[in-house]
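# Secondary and tertiary structure notes
Now for the letters of each chain:
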Amino acid sequence: MSACRSCGACCAAYRVDFSIHELDEHGGHVPAGLALALNDTLARLRGTDHAQPRCAALTGRIGEAVGCGIYEWRPGPCHELEEGGDACARARARHGLPPLPARRLASGAGSAA
Ligand code: SF4
Ligand code: SF4
């Protein structure tokens, strides 16, 4: 099982911006209710630009057991964060978690690989 299922740190560390064309109301899959429109081209997952970010779709306790409420419909950036990569290590450090050994492309809290 992916370390992501007991982590979730990157879902509570970074702003997550993506094309508005990924929103369901524009023909994509990301539920529009979980995002804020930034401008004519970009949307942002709710909660990810707070002083202490936490994606509105993240469930559970960081560093223990977490899940992504929109795993199948999460936007592009959530597919691209590399488990064990630099951004992963920085996010984990923010939450007092040690870095992982470099592995593979992960998918955030919902990753079941
Ligand atoms: S990619 Fe890294 S920071 Fe993100 S949930 Fe997985 S282990 Fe945690
Ligand atoms: S993987 Fe899910 S919980 Fe994590 S930032 Fe993306 S949409 Fe939010």
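You'll find the structure just up there.
This text gives an overview of the structure that appears in the document.

Analysis parameters
- Residues numbered from 1 in each chain as written.
- Chains lettered and ligands numbered in written order.
- Predicted model: local features only at pLDDT ≥ 70, side-chain atom pairs only at ≥ 80, totals over all residues.
- Heavy atoms only, no water.
- 1 Å grid on protein atoms, 1.4 Å probe; cavity = no way out; pocket = protein on both sides within 12 Å on 5 of 7 lines; lining within 4 Å.
- Points joined across faces, edges and corners; volume = space filled by probe spheres on them.
- Helix = DSSP H or I, 4+ residues; strand = E, 2+ residues; numbered from the N terminus.
- Nonpolar A, V, L, I, M, F, W, Y, C, P; charged D, E, K, R; others polar.
- Near = heavy atom within 4 Å.
- Sits in = over half its atoms within 2 Å of the grid points.

### Section: the layout of surface pockets
Quantified by volume, the largest pocket comes out at close to 270 Å³. Lining the largest pocket we find 21 residues, and of these C10, C11, V16, P77 and C78 sit closest to its centre. Ranked by the residues each element gives to the lining of the largest pocket, the list is headed by helix α1 (residues 76-80), at three residues. Partitioned by chemical class, the residues of the lining of the largest pocket number 15 nonpolar, two polar and four charged.

### Examining the site of ligand 2
Around ligand 2 lies a shell of ten residues, among which C11, L45, C55, C68 and C78 are the nearest. Counting atoms within 2 Å of the grid points, the majority share of ligand 2 lands in the largest pocket. Tallied by class, the residues present in the shell around ligand 2 amount to eight nonpolar, one polar and one charged.

### With respect to the site of ligand 1
Around ligand 1 sit C4, C7, G8, A9, C10, L81, E83, C88, R92 and L100, and that is every residue in its neighbourhood. When grouped by side-chain class, the residues that make up the shell around ligand 1 number seven nonpolar, one polar and two charged.

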